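# What the coordinates show
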Amino acid sequence: MSPEIQLAGIHPRSEKLIELTRSYERAKANWSQVEVQLEQETKEVIKLQESLGFRHFSDGCLGWQDQLRPVTRSLKGVESGTRYSRWFDTNTFYQKPVVVGKVSAGNIDPKNFLRAELLTGTRDRKITLPGPYTFSQLSENKHYENHADLLLDIALAEREIIRKLKNQGVTLFQLSEPCLVYQPYRGKFRDKSEVELALRAIRSLVKDSPGEFVVQTYFGDAAPLLPELLDLPIFGIGIDLFETDISSLSKEERTSKALVLGVVDSRESFVENSGWIAETARKFSEKVDARDLVFAPNSDLKFVPQKIANQKCEALSKASELFEGS
Amino acid sequence: MSKLFPVQEIGSLAKPKWRTKGLRQQLSSQDLSEAEVWAEKLGIQDFHDRAKSILKAVDDKERVKRILELSTLYGLRLFETTGVDNDGVGGEQQRVEMYEHVIKAVQGMNLLGHVHSFDNKYFNKGVAESKISRKHAIYVPEFLDVKKYAQRAVKVPITGPYTLVDWSFSGYYIQKQPASSPKARKIGAKREFLLDIVEQIIRPEIRDLVDAGASWIQIDEPAVTTHPEPQEMELFVEAWNETVKGFSCKFSDHTCYPSEIGYKVLAEYAPKLDKCDQLALEFANRDTSRLGLDDNSREGYSDLKHFVDAGFNGEFGLGVTHVHDFTGSVSSEAGQSVGRDLIESPELVRDRLLYATKIVGDPAKIWANPDCGLRTRTWDVAFAKLANITRGAELARESYQ
């Protein structure tokens with residue numbers, strides 16, 4: 001079977017939706033007009049996935065204002081804060097969560113995460129959530145003395161979110177963990193104990209949780225952590241092939257896990273050639289023998305205009321066919 | 001300037017409705033009613049004559065020219081009326097925004113479409129499609145209008161080369177890189193693109209501005225703190241030094257909203273920036289909104305220590321007011337929360353200036369400014385914030401008398 005293709009986060013809004021949300025900000029459009037367009041475009045994103053042969057469907061998260069906010073607003077002990085921080089090295093921002101008390105699940109409204117009513121039929125559904133380590137790293141902690149306690153409480157709270165979303169038919173949960181591999185915040189790579197703590201939080205999140213899980217790393221080199229990541233009791237691991245130094249994988253890895261290859265660059269408009277994608281994936285699979293390969297963008301496609309994002313999805317689909325035929 | 005704690009504008013103001021609409025179509029006298037209210041507030045004596053000439057203009061180009069000139073005049077007068085000492089170019093009224101304004105003047109680049117910045121804010125992102133060159137002057141026409149009307153000192157904010165490249169897709173420059181790892185291709189493309197932007201776009205523009213009389217150029221580089229890797233920082237320093245080489249005017253850097261690492265890495269490299277007389281930085285956004293000169297109350301300014309420790313000897317343009325939505329709580333002494341805005345009190349501004357002085361050690365090195373441009377705030381809010389900055393600076397000054 002050819003490699004599956006998946007979205008890996010927030011899909012870009014169209015120029016029409018962008019204009020409407022801007023008009024809404026200027027009080028020249030009302031929210032119901034925005035909602036109509038949001039619904040229309042969500043259907044289009046789903047249709048695009050159908051036409052390209054996706055097996056796990058995302059709703060594109062078009063209403064998400066940043067990658068953390070729906071989780072932030074579902075937790076007790078966490079406030080949205082007033083501070084906008086830069087999302088890694090992109091020119092996009094997120095509202096920095098502020099931890100002001102013990103973190104636990106609050107009022108979780110699945111509608112803030114997913115347009116389940118639009119993902120009709122028996123399709124498998126995928127959702128992207130910030131992993132507990134990344135959420136804790138990108139928050140401002142004003143309550144916990146011990147970071148490990150914060151991390152584990154976030155993981156437990158996210159389990160509740162996952163339960164609710166499972167009830168909405170979500171079967172595949174992507175836990176985005178760019179902070180595991182994004183190094184510029186640090187002088188040196190995270191020490192072993194910190195990595196172990198992060199992985200423990202992930203283990204605690206997935207333990208007895210319904211559904212399958214992928215830990216998606218991006219914006220950094222996953223190679224130094226790959227053996228530990230492959231030990232996680234989850235369905236798959238995602239790596240950013242634009243940042244990961246494949247040559248440094250010294251020996252042939254074998255894994256029973258799926259590997260989600262971030263093989264189109266969500267931060268560059270140049271649409272990758274499908275032949276190049278297939279070839280890059282083939283080179284990777286010579287190094288790491290994985291049970292399944294999934295082709296995906298390396299992160300949220302919201303960093304490119306929608307037209308380009310859709311073209312990148314098409315390139316992934318063609319590459320999947322080429323890979324199968326090679 | 002010998003006055004302690006001078007106040008400067010830092011970027012753009014919101015565009016008045018009449019300015020935005022007037023660029024697209026003919027205005028009616030009703031469209032100018034808001035302008036009339038502000039004319040009185042800002043002392044624009046010849047408003048009625050100007051309004052008539054705008055309403056009468058049949059030629060689109062002529063109308064646009066008059067509108068841009070008038071909105072520049074309004075911006076300058078707003079800063080002057082609130083007591084600002086350096087008025088920049090009047091709130092960048094002649095620019096669409098800091099990125100697009102430049103890209104539209106670059107041959108070989110194309111605007112691809114909007115991408116999300118935050119909430120319901122977006123920016124139009126460009127791509128290099130061929131080797132780049134300058135189509136026409138970018139900031140000079142605006143500066144000539146500013147020179148005509150400014151009653152106080154001015155500086156010209158320009159978008160820095162590193163930011164222009166970082167916010168663009170490399171397109172052509174990626175494709176022409178030799179086959180290697182995806183990461184190596186990206187790095188090679190960025191360097192080549194960046195040095196072309198410096199040589200083909202930014203240096204010719206600075207030359208024209210200096211020839212037209214500009215004596216202070218603020219280089220806006222918000223992107224620099226997003227790539228703290230040594231390789232990227234060296235690239236930024238190389239581009240900066242190449243940009244300013246051979247020019248004799250004052251240069252300052254404006255950077256804001258760094259990633260999680262804050263300003264630590266910028267501080268390390270700041271002493272390597274040739275002719276960088278001032279760093280104007282955002283701080284209020286990360287600070288508490290309560291009065292006090294203690295480290296906890298002024299936690300947002302702690303990064304200043306890094307610059308002092310690294311040996312940066314220049315001035316600091318201190319962000320003392322927030323420029324985005326505010327949803328927190330504030331005591332009545334520290335400010336007023338009005339809708340989505342925080343109007344910081346003069347006392348809060350004073351405390352921020354005095355705390356920064358404690359760290360920097362020399363009050364003569366501190367300027368006061370908003371964190372960034374006030375373009376997302378209404379003119380009423382911008383006016384109130386700027387007026388309180390100047391009052392806060394006066395209070396800080398009093399403590400040195």
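Residues numbered from 1 in each chain as written. Chains lettered and ligands numbered in written order. Predicted model: local features only at pLDDT ≥ 70, side-chain atom pairs only at ≥ 80, totals over all residues.

## Side note on the overall build of chain A
Across its full length, chain A holds nine helices and 13 strands. Taking 20 Å as the expected radius of gyration for a compact globule of 326 residues, we find that chain A reaches 19 Å, a close match to that expectation. Seen along its three principal axes, the alpha-carbon backbone of chain A occupies a region of about 55 × 45 × 35 Å. Put simply, of all contacts in chain A between residues at least 6 apart along the chain, 74% involve residues at least 24 apart. (Helix = DSSP H or I, 4+ residues; strand = E, 2+ residues; numbered from the N terminus. Rg over C-alpha atoms; globule rule 2.2 N^0.38 Å. Contact = placed C-beta atoms within 7 Å.)

## Some thoughts on the overall build of chain B
Across its full length, chain B holds 14 helices and ten strands. Taken against the 2.2 N^0.38 rule, which gives 21 Å for 401 residues, the C-alpha radius of gyration of chain B at 21 Å falls within 12% of a compact globule. Seen through its principal axes, chain B has C-alpha atoms that stretch 60 × 60 × 40 Å. Residues classed as buried in chain B amount to 51% of the 401 residues present. Long-range contacts, defined here as pairs at least 24 residues apart, represent 77% of the contacts in chain B between residues at least 6 apart. (Buried ≥ 20, exposed ≤ 12 C-beta atoms within 10 Å, placed from the backbone.)

## Things to note about the interface of chain A and chain B
Taken together, the contacts link 34 residues of chain A with 38 residues of chain B. Contributing elements (two or more residues each) for the side of chain A that touches chain B: helix H1 (15-25), strand E4 (84-86) and helix H9 (306-325) of chain A. For the side of chain A that touches chain B, the element with the highest residue contribution is H1 of chain A, accounting for six residues. Of the residues in the side of chain A that touches chain B, the class split is 15 nonpolar, seven polar and twelve charged. (Nonpolar A, V, L, I, M, F, W, Y, C, P; charged D, E, K, R; others polar.)

## Comments concerning the environment of Glu97 of chain B
If you trace the backbone, Glu97 of chain B turns up in the loop between helix H4 (60-81) and helix H5 (100-103). Between the alpha carbons of Glu97 of chain B and Pro204 of chain B there is a distance of 20 Å; along the sequence they are 107 residues apart.

## Here's the deal with the nonpolar core
Leu261 and Phe295 of chain A together with Leu353 and Ala368 of chain B are the most contacted members of the largest nonpolar core, which has 207 residues in total. A total of nine residues in this core trace back to one element, the largest contributor, which is helix H9 (residues 182-211) of chain B. Those residues in contact with Leu261 of chain A, other than ones at most four positions away along the chain, are Ile239, Leu241, Ala281, Phe284, Leu293, Val294, Phe295 and Ala296 of chain A. (Core = buried A, V, L, I, M, F, W, Y, C linked by C-beta atoms within 7 Å.)

## Section: helix H6 (residues 140-149) of chain B
All names here are of chain B. Those residues of H6 that fall on the buried side of the exposure criterion are Glu142, Phe143, Asp145 and Val146. Seen from one end, H6 has its buried residues packed into an arc of 160°, which puts them on one side. Against the buried residues of H6 lie H4, strand E3 (156-159) and H9. (Arc of directions from axis to C-beta.)

## Some remarks on the pairing of strand E7 (residues 124-130) of chain A
Residues and elements named next belong to chain A. Of all seven residues in E7, six are buried, a share of seventy percent or more. Where strand E2 (residues 56-57) meets E7, two bridges bridge the pair, whose relative direction is parallel. Paired with His56 across the two strands is Asp124, which belongs to E7. As judged from the six bridges shared by E7 and strand E9 (residues 170-176), these two strands associate in the parallel manner. Residue pairing in the sheet places Ile127 in a bridge with Phe173 of E9. (Pairing = 2+ DSSP bridges.)

## Considerations on the sheet that holds strand E6 (residues 98-105) of chain A
For sheets, the rule is that strands pair by backbone hydrogen bonds, running either parallel or antiparallel. All names here are of chain A. With mixed pairing, the three strands of this open sheet are ordered in space as E3-E6-E8. Whereas interior strands pair on both sides, the edge strands pair on one side only; in this sheet they are strand E3 (75-79) and strand E8 (140-141). Across four bridges, the pairing between E3 and E6 is antiparallel. Its bridge partner being in E6, Leu75 is matched across the sheet by Ala105. Packing against the sheet, helix H5 (residues 147-167) makes contact with E3, E6 and E8, and its axis sits at approximately 45° to E6. (Axes fitted to C-alpha atoms, helices over the stretch in contact; angles between N-to-C directions.)

## Description of the pairing of strand E1 (residues 106-118) of chain B
Residue and element names in this part refer to chain B. Both E1 and strand E2 (residues 121-134) contribute to a ladder of ten bridges, which runs antiparallel. Its bridge partner lying in E2, Val115 is registered against Phe123. Hairpin connection, E1 to E2: the antiparallel pair is bridged by two residues, and Asp119 has positive phi, about 45°.

## Comments concerning the sheet that holds strand E11 (residues 236-240) of chain A
Ordered by their spatial adjacency, eight strands build an open sheet running E1-E13-E12-E11-E10-E9-E7-E2 (chain A), and the pairing between neighbours is parallel. Strands at the two margins of the open sheet, each flanked by one partner only, are strand E1 (4-5) and E2 of chain A.

## Describing the environment of Glu160 of chain A
Structurally, Glu160 of chain A is set in helix H5. Sequence spacing of Glu160 of chain A and Ser104 of chain A is 56 residues, and the spatial spacing of their C-alpha atoms is 8.9 Å.

## Some points on unusual backbone geometry
The backbone phi angle of Cys61 of chain A is positive, close to 50°, even though this residue is not glycine. Residue position: Cys61 of chain A is located in the loop between E2 and helix H3 (69-72). Classification of Cys61 of chain A by C-beta neighbours within 10 Å gives buried; the count is 22. Phi is positive for Phe5 of chain B, which is not a glycine, with a value near 50°. Relative to the elements of secondary structure, Phe5 of chain B occurs in the segment before helix H1 (17-24).

## Focus on the packing of helix H13 (residues 346-360) of chain B against helix H14 (residues 379-398) of chain B
Residue and element names in this part refer to chain B. One way to put it is that H13 packs onto H14 with a least axis distance of 7 Å and a crossing angle of 55°. The angle between H13 and H14 places the two elements in the oblique class. For the element pair H13 and H14, the recorded crossing hand is right-handed. Judged by residue contacts, Pro346, Glu347, Val349, Arg350, Leu353 and Leu354 of H13 engage Asn388, Ile389, Arg391, Gly392, Ala393, Leu395 and Ala396 from H14. (Parallel < 35°, antiparallel > 145°, perpendicular 65-115°, else oblique. Left-handed = near helix turned anticlockwise from the far one by under 90°.)

## Observations concerning H4 of chain B
Under the 1.5 Å per step criterion, the end-to-end length of H4 of chain B is 31 Å for 22 residues, consistent within 8% with the ideal 32 Å. The first or second residue beyond H4 of chain B is Gly83 of chain B, which carries a positive phi of 95°. (Expected span 1.5 Å × (residues − 1).)

## A look at the environment of Ser259 of chain B
Mapped onto the secondary structure, Ser259 of chain B falls in the loop between strand E5 (250-255) and helix H11 (264-269). According to the C-beta neighbour criterion, Ser259 of chain B is buried, with 20 such atoms within 10 Å. For the pair Ser259 of chain B and Ala223 of chain B, spaced 36 residues apart in sequence, the C-alpha to C-alpha distance is 9.5 Å. Beyond its immediate stretch of four places on either side in the chain, Ser259 of chain B contacts Arg86, Phe88 and Asp89 of chain A together with Thr225 and Thr226 of chain B.

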